[in-house]
Amino acid sequence: MSTLKRFFQDTIIYGFATVLPRLMNFILVPLHTAALSTGDYAINTTFYVWAAFFNVILTYGMETAFFRFFSQSKEKAKVFSTAFITLSVTTVFFFVLVFLFRNYLFGLLDLEPFYFNILLGILALDTLVVVPFAWLRASNKPIKFASVKIINIVIVVILNLYFLWWVRKFPGATPQIILDNYSDADKVGYIFLANLAASAVTFLILLPYFFRAKIDFSFSLLKKMWHYGWPIMVAGLAFVINENLDKLLLKDMLSDKIMGAYAGCYKLAVFMTIFVQAFKLGAEPFFFNQAKAENARKTYALILTYFVIAGSFIFLFLVTFIDFFKELIIRNNDYWVALSIVPIVLLANLFLGIYHNLAVWYKLTDKTRIGMYISIFGAIITILFNVILIPVLGFVAAAWATLAAYGSMAIISYFLGRKYYPVPYNVKKIMFYLLMSTGFSIISFEFFRENYIVGSIFILGFLIIAFIIERKQLKQIIHL
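Attention here is on the structure that accompanies the text. Worth saying up front: this structure is predicted, and the values here are computed from it rather than measured.

What counts, and where the lines are drawn
- For every chain, the first residue of the written sequence is number 1, and numbering continues from 1 onward in sequence order.
- Only residues with pLDDT of at least 70 get local features here, since the model is predicted, and only at 80 or more are side-chain atom pairs given and counted; chain-wide, interface and lining totals rely on the full set of residues.
- Side-chain metrics rest on all non-hydrogen atoms present in the structure, leaving aside hydrogens and water.
- Secondary structure elements follow DSSP: runs of H or I no shorter than four residues count as helices, runs of E no shorter than two count as strands, and numbering proceeds from the N terminus.
- Here the radius of gyration uses the C-alpha set of atoms, whereas the globule reference equals 2.2 Å times the residue count to the power 0.38.
- Buried, partly exposed and exposed residues are distinguished by accessible area as a fraction of the type maximum, computed with a 1.4 Å probe on protein chains only: under 20%, between the cut-offs, and over 50%, respectively.
- Two residues qualify as a contact provided that any one of their heavy atoms is within 4.5 Å of a heavy atom in the partner residue.
- Whether two aromatic rings pair depends on their centres lying within 6.5 Å, for rings of Phe, Tyr and Trp, where Trp uses its six-membered ring; planes under 30 degrees apart make the pair stacked, over 60 edge-to-face, and the rest tilted.
- As used here, the arc is the angular range of directions from the helix axis to the C-beta atoms.
- Just to be clear on terms, a salt bridge is a Lys or Arg side-chain nitrogen sitting within 4 Å of an Asp or Glu carboxyl oxygen.
- Working convention: axes come from line fits to C-alpha atoms, limited for helices to the stretch in contact. Angles between N-to-C directions cover 0 to 180 degrees.
- By definition in this entry, angles of less than 35 degrees are roughly parallel, angles greater than 145 are roughly antiparallel, angles of 65 to 115 are roughly perpendicular, and the rest are oblique.
- Each crossing gets its handedness from the near helix: less than a right angle anticlockwise from the far helix is left-handed, clockwise is right-handed.
- Put simply, Ala, Val, Leu, Ile, Met, Phe, Trp, Tyr, Cys and Pro go in the nonpolar bin, Asp, Glu, Lys and Arg in the charged bin, and everything else, Gly too, in the polar bin.
- In protein, a polar contact requires one atom able to donate a hydrogen and another able to accept it; more generally it is a pair of N or O atoms within 3.5 Å, and residues adjacent in sequence count only if both atoms are side-chain atoms.

### Thoughts on the overall build of the chain
Argument step 1. Along its length, the chain carries 22 helices and zero strands.
Argument step 2. Computed over C-alpha atoms, the radius of gyration of the chain comes to 23 Å, within 12% of the 23 Å expected from 2.2 N^0.38 for 480 residues, which places it in the range of a compact globule.
Argument step 3. Here the C-alpha coordinates of the chain stretch approximately 65 × 65 × 45 Å along the principal axes.
Argument step 4. The burial tally for the chain puts 55% of its 480 residues in the buried class.
Argument step 5. Nonlocal contacts in the chain, meaning residues at least 24 apart in sequence, comprise 85% of its contacts between residues at least 6 apart.

### Considerations on the environment of Thr 402
Argument step 1. Mapped onto the elements, Thr 402 comes out in helix α20 (residues 396–420).
Argument step 2. Using a relative accessible area of 1% as the deciding quantity, one classes Thr 402 as buried.
Argument step 3. With 156 residues separating them along the chain, Thr 402 and Asp 246 place their C-alpha atoms 8.4 Å apart.
Argument step 4. Those residues within four positions of Thr 402 in sequence are excluded, and the remaining contacts are Asn 242, Asp 246, Tyr 266 and Ala 348.

### Some remarks on the packing of aromatic side chains
Argument step 1. This structure, assessed with the given rule, holds 39 aromatic pairs.
Argument step 2. Their ring planes at 5 degrees and their centres at 6.4 Å tell us that Phe 95 and Phe 99 sit as a pair that is stacked. Here Phe 95 pairs with Phe 99, and both are found in helix α5 (residues 76–100), just four residues apart, close to one helical turn.
Argument step 3. For Phe 95, a relative accessible area of 35% puts it in the partly exposed group.

### Here we look at helix α16 (residues 322–329)
Argument step 1. What α16 keeps buried is the set Ile 322, Asp 323, Phe 325, Lys 326 and Ile 329. End-on, the buried residues of α16 take up no more than an arc of 160 degrees, which puts them together on one face.

### Describing the pattern of salt bridges
Argument step 1. Summed over the entire model, instances satisfying the criterion amount to five salt bridges.
Argument step 2. A salt bridge links Lys 247 to Asp 246; its shortest N-O distance comes to 3.7 Å.
Argument step 3. The buried category is assigned to Lys 247, whose relative accessible area is 6%.
Argument step 4. Judged by its relative accessible area of 0%, Asp 246 is buried.
Argument step 5. Between Arg 449 and Asp 323 there is a salt bridge, with its nearest N and O atoms 2.6 Å apart. Taken together, the positions of Arg 449 in the loop between α21 (427–447) and α22 (452–478) and Asp 323 in helix α16 put the pair 126 residues apart, joining distant regions of the chain.
Argument step 6. What makes Asp 323 buried here is its relative accessible area of 4%.
Argument step 7. Here the salt bridges do not stand alone but share partners, grouping Asp 323, Lys 326 and Arg 449 into one network.

### Digging into the packing of helix α3 (residues 38–59) against helix α11 (residues 187–210)
Argument step 1. At a minimum axis distance of 9 Å, the contact between α3 and α11 shows a crossing angle of 30 degrees. The angle between the axes of α3 and α11 places the two elements in the roughly parallel class. Of the two elements, α3 crosses α11, and the hand of that crossing is right-handed. Of the residues in α11, those in contact with Asp 40, Ile 43, Asn 44, Phe 47 and Tyr 48 of α3 are Val 188, Ile 191, Phe 192 and Asn 195.
Argument step 2. Of the residues contributing to the contact of α3 with α11, the split by class is six nonpolar, two polar and one charged.

### Structural notes on the side chain of Ser 199
Argument step 1. Within the secondary structure, Ser 199 sits in helix α11.
Argument step 2. Those residues in contact with Ser 199 that sit more than four places away from it in its chain are Ile 122, Leu 125, Asp 126 and Asn 152.

### Observations regarding unusual backbone geometry
Argument step 1. The phi dihedral of Tyr 60 falls on the positive side, at around 35 degrees, and the residue is not glycine.
Argument step 2. Within the secondary structure, Tyr 60 sits in the loop between α3 and α4 (62–72).
Argument step 3. Classification of Tyr 60 as buried rests on a relative accessible area of 10%.

### Here we look at the side chain of Ser 437
Argument step 1. In this structure, Ser 437 sits in helix α21.
Argument step 2. In terms of polar contacts, Ser 437 uses its side chain to reach the backbone carbonyl oxygen of Leu 434, at 3.1 Å.
Argument step 3. Those residues in contact with Ser 437, other than ones at most four positions away along the chain, are Ser 312, Phe 315, Leu 316 and Phe 462.

### A closer look at the packing of helix α15 (residues 296–320) against α21
Argument step 1. Two elements in contact, α15 and α21, have axes separated by 9 Å at closest approach and are oriented at 0 degrees. Accordingly, the angle class assigned to the pair α15 and α21 is roughly parallel. On α21, the residues touching Leu 304, Thr 305, Val 308, Ile 309, Ser 312, Phe 315, Leu 316, Val 319 and Thr 320 of α15 are Lys 429, Ile 430, Tyr 433, Leu 434, Ser 437, Thr 438, Phe 440, Ser 441, Ser 444 and Phe 445.
Argument step 2. Of the residues belonging to the contact of α15 with α21, the class tally is eleven nonpolar, seven polar and one charged.

Without other data, these values stay purely geometric and don't point to any function.
And the structure:
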């Protein structure tokens, strides 16, 4: 149980490293939706969709492979050196290759040349710091990890506020050189430049860690890491499809404005995304480090139960107060046309978190290829649902496609895990919490919209029931 308590402590720290930057980034949502039209927001979304896609290709599963071999190897310096040198070489090669053929890629990605060049710079800088960031996590240095992440997002937020708000509101207090080169018509470009500046500063901060990579390269180790990591890369590409294809298809099948409104409302699910990401950051190294512990499987089972309880609470809370958050975060009512997707997307991201938890079996048994197949299946569901149903249901079909993909992936992973790495998950209890929060959410959203008294009763009822069921287990954890 002390191991479980340490997991919660590490997750809180990594959660802080994830939550605070995401919350600061969340400040930008009302700024962006106020400053950008839905059409401009579609350009912003397209940029970051491609950033996510190429990020997976450039890292090709090396981050997870690093955790896998770093946790087991006695030659940890060799693991770091091999991973770092490999990623650095491939990143430089990619940068040069794409830069030479950039004229052929502008139209393919539907990005202006200026935006494309910024994207290329961000990708190169972010990929080069993947292994140093992974080393901080694997070496149990969450404070340093959090500090660098926070510095990165502070720069992004400050520059966004400066160019999208300060320069426009206080031109008299702005240096003339900036005013001479400022274009109010290209507000999206300043968002991208802010990201590039933050990536450059992050690169400089982590530069000392680059010298940890002594020339201790191992081709045999690289072969093992590649064999382990490439299915994760394919799974990552499938995840990008699940998460982002809907936006590109909405742009092509409906309109830029609909895509922008959809992407803006999608941001209201950020709190669930933060929760899932914080869990993943804390859980991945923990799962590998505890794999040989005597009660590892019972610990994994208990973690999933509490993950579902917390996630179900967040889901119910956000759905209950959705109109409050709508007014607070998305002040341009042109975006509100897509508000109905938010409960569906929230539930979809909760199932994604469940899948990340269940995925422990194929990572610990080195069956990452099966994980790849599961992700590919989810991507196929996403593609079919979007292509078939968007013409029929409109943009809401994209949200249902995301839920169908992540829900099916979680179910398949659970049943395959029972065969390869049985974990005693309390399925009845998990299903009870999911059904209770979903039921309360549907009633609140459909019949008591903006009735916060009734919604608060539902939330309080969920917490009381969960406390009654879990009180004995909670007392044991607290007193350890």
